[in-house]
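Chain residues, written in single-letter form:
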Amino acid sequence: MVKLPPGDVNEDEKVSIGDLALVAKAYGKTSADPDWAEAAKSDINSDGRIDVEDLAALARLILQ
Ligand SMILES: [Ca+2]
Ligand SMILES: [Ca+2]
């Protein structure tokens, strides 16, 4: 079982611009959305919504 790095939204074992694109696509979704199960992978800080904080947190992970 491969442990995926934090921020690896598309599960390719790398944190990259492709993950950032998925977070941008899910932007604005919240845990109240019917498709949250899919969007939740983009919730980097696990606060129940996809917003600018998630984009910033993922950008930091990419730049690490
Ligand atoms: Ca990835
Ligand atoms: Ca969030």
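Residues numbered from 1 in each chain as written. Chains lettered and ligands numbered in written order. Predicted model: local features only at pLDDT ≥ 70, side-chain atom pairs only at ≥ 80, totals over all residues. Heavy atoms only, no water.

- In the annotation of an unreviewed UniProt entry, the protein chain is listed under the name Dockerin type I domain-containing protein and assigned to Paenibacillus aurantiacus.

## Some points on the coordination of the calcium ion (ligand 2)
So, step 1. Surrounding the calcium ion (ligand 2) are the protein donor atoms Asp 43 (OD), Asn 45 (OD1), Asp 47 (OD), Arg 49 (O), Asp 54 (OD) and Asp 54 (OD), at 2.2 to 2.4 Å.
So, step 2. One way to put it: the six donor atoms around the calcium ion (ligand 2) meet at angles of 55 to 166 degrees, and that makes the site irregular.
So, step 3. On the primary sequence, the residues serving as donors to the calcium ion (ligand 2) are separated as D-x1-N-x1-D-x1-R-x4-D. (Donors = N, O, S within 2.8 Å, 3.2 Å for Na, K, Ca; no water. Tetrahedral: all angles 85-135°; square planar, octahedral: opposite > 155°, others 65-115°.)

## Overview of the UniProt feature "domain: Dockerin" (unreviewed entry) in the protein chain
So, step 1. UniProt annotation of "domain: Dockerin" (unreviewed entry) refers to residues 2-64 when read in the numbering used here.
So, step 2. The span residues 2-64 is 41% helix and 0% strand, and its two end C-alpha atoms sit 21 Å from each other. (UniProt positions renumbered as here; feature names shortened; annotations may be inferred. Helix = DSSP H or I, 4+ residues; strand = E, 2+ residues; numbered from the N terminus.)

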